[in-house]
Amino acid sequence: MYQSSGKDKLVLIAPCGMNCSLCIAYQFREKDLNKKGFHRTYCPGCIPRGKNCTHMADSCELLAKGLVRFCYECDSYPCKRLKALDKRYQTKYHMSMIENLDFIKGNDAEKFLEKQEDKWKCPDCGGLICCHNGLCLDCNLDIFLKNKKYRWNED
Ligand code: SF4
Ligand code: SF4
Ligand SMILES: [Zn+2]
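Small disclaimer: the values here were computed from a predicted structure and weren't measured. (Residues numbered from 1 in each chain as written. Chains lettered and ligands numbered in written order. Predicted model: local features only at pLDDT ≥ 70, side-chain atom pairs only at ≥ 80, totals over all residues.)

A. Region of the structure containing the overall build of the protein chain. Looking only at helices and strands, one finds seven helices and zero strands in the protein chain. Starting at the N terminus, the α and β elements of the protein chain follow one another as α-α-α-α-α-α-α. For 155 residues, the compact-globule estimate of 2.2 N^0.38 gives 15 Å, and the C-alpha radius of gyration of the protein chain, at 15 Å, lies within 12% of that figure. Its C-alpha atoms give the protein chain principal-axis dimensions of about 45 × 30 × 25 Å. (Helix = DSSP H or I, 4+ residues; strand = E, 2+ residues; numbered from the N terminus. Rg over C-alpha atoms; globule rule 2.2 N^0.38 Å.)

Structural data, given as C-alpha cells:
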C-alpha cells in the first residue's frame, strides 16, 4: 500500500487550522464508506481539492483567493469568524483551530502532525479517530451504522 510521507500529509492542514485528516468528509472518501450504505459528500482535503472548504472560504477573501497559507499570517488573526468557528469546534468536536494554528506557528507543521497522530490515535488499530464523531471509522463503524448522527456519545 502507498504510504504518504510526512511532507505529503502537510497538505492536509487547512489554512483555518483544521486537520482535514480528522474530518468526516475526508475519512469517508479515504475509506469509501458510502459503499456501506452512507450517502455523504467526500472531500480530499482543503488544499488538495483546490479550493477552501466552506468553513471559511465563502466569508474570507484572503482564503478564497488562497493569499495566505495559514490564517496566522493574516493581520486580522484571529478574526471574528475564525473565533466563531473555533468556538463551535471546541464545543462540539473537541478541537481548536486556533490552538492548532498557534502550535504550527510556534513549532512547525510536521511536528504538529506528529502530535496530532498521537492525540487522535485509535487505541485498537492505530488509525485516526474522526473529530466529528469521536469514532475510529474502522473499529467503531458499527456504532455509526446504528446511529448516523452519533457524535462523541453526547447526543
Ligand atoms: S470538508 Fe473541509 S475540513 Fe473536511 S476535508 Fe474537506 S476541506 Fe477539510
Ligand atoms: S484570520 Fe484572516 S485569513 Fe483567516 S479567516 Fe480571518 S480574515 Fe481570513
Ligand atoms: Zn481503529
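Additional details are given in the paragraphs that follow.
B. Highlighting helix 2 (residues 24–31). Every buried residue of helix 2 is listed here: Ile24, Tyr26 and Gln27. Each buried residue of helix 2 lies within a common arc of 160° when the element is viewed along its axis, so the set occupies one face. Directly beyond the C-terminal end of helix 2, a positive phi value near 45° is found at Asp32. (Buried ≥ 20, exposed ≤ 12 C-beta atoms within 10 Å, placed from the backbone. Arc of directions from axis to C-beta.)

C. Geometry of the site of ligand 1. Around ligand 1 sit Ala14, Met18, Cys20, Cys23, Ala25, Tyr26, Cys43, Gly45, Cys46, Cys53 and His55, and those are all the residues in its vicinity. Grouping the amino acids of the shell around ligand 1 by side-chain chemistry returns nine nonpolar, two polar and no charged. (Near = placed C-beta within 6 Å. Nonpolar A, V, L, I, M, F, W, Y, C, P; charged D, E, K, R; others polar.)

D. Examining the site of ligand 2 more closely. Of all residues adjacent to ligand 2, which total 13 residues, the nearest are Cys60, Leu62, Cys71, Cys74 and Cys79. Mapped by element, the contributors of at least two residues to the shell around ligand 2 are helix 3 (61–64) and helix 4 (80–93). Tallied by class, the residues present in the shell around ligand 2 amount to eleven nonpolar, one polar and one charged.

E. Structural view of helix 4. Over its 14 residues, helix 4 extends 19 Å from the first C-alpha to the last, a length consistent with the 20 Å expected when each residue adds 1.5 Å. Burial in helix 4 covers these residues: Leu82, Leu85, Asp86 and Tyr89. Looking straight down helix 4, one finds its buried side chains confined to an arc of 100°; they lie on one side. Away from its buried face, by an angle of more than 90 degrees, helix 4 presents the exposed residues Lys80, Ala84, Arg88 and Thr91. Residues of helix 4 that are buried in the fold lie against helix 5 (97–106). Positive backbone phi, approximately 60°, marks His94, located one or two places after helix 4. (Expected span 1.5 Å × (residues − 1). Contact = placed C-beta atoms within 7 Å.)

F. Spatial organisation of the environment of Leu137. As for its position among the elements, Leu137 is in the loop between helix 6 (109–119) and helix 7 (141–146). It is 8.8 Å that separates the C-alpha atoms of Leu137 and Leu33, two residues lying 104 residues apart in sequence. Those residues within four positions of Leu137 in sequence are excluded, and the remaining contacts are Gln27, Lys31, Leu33, Cys130 and Phe144.

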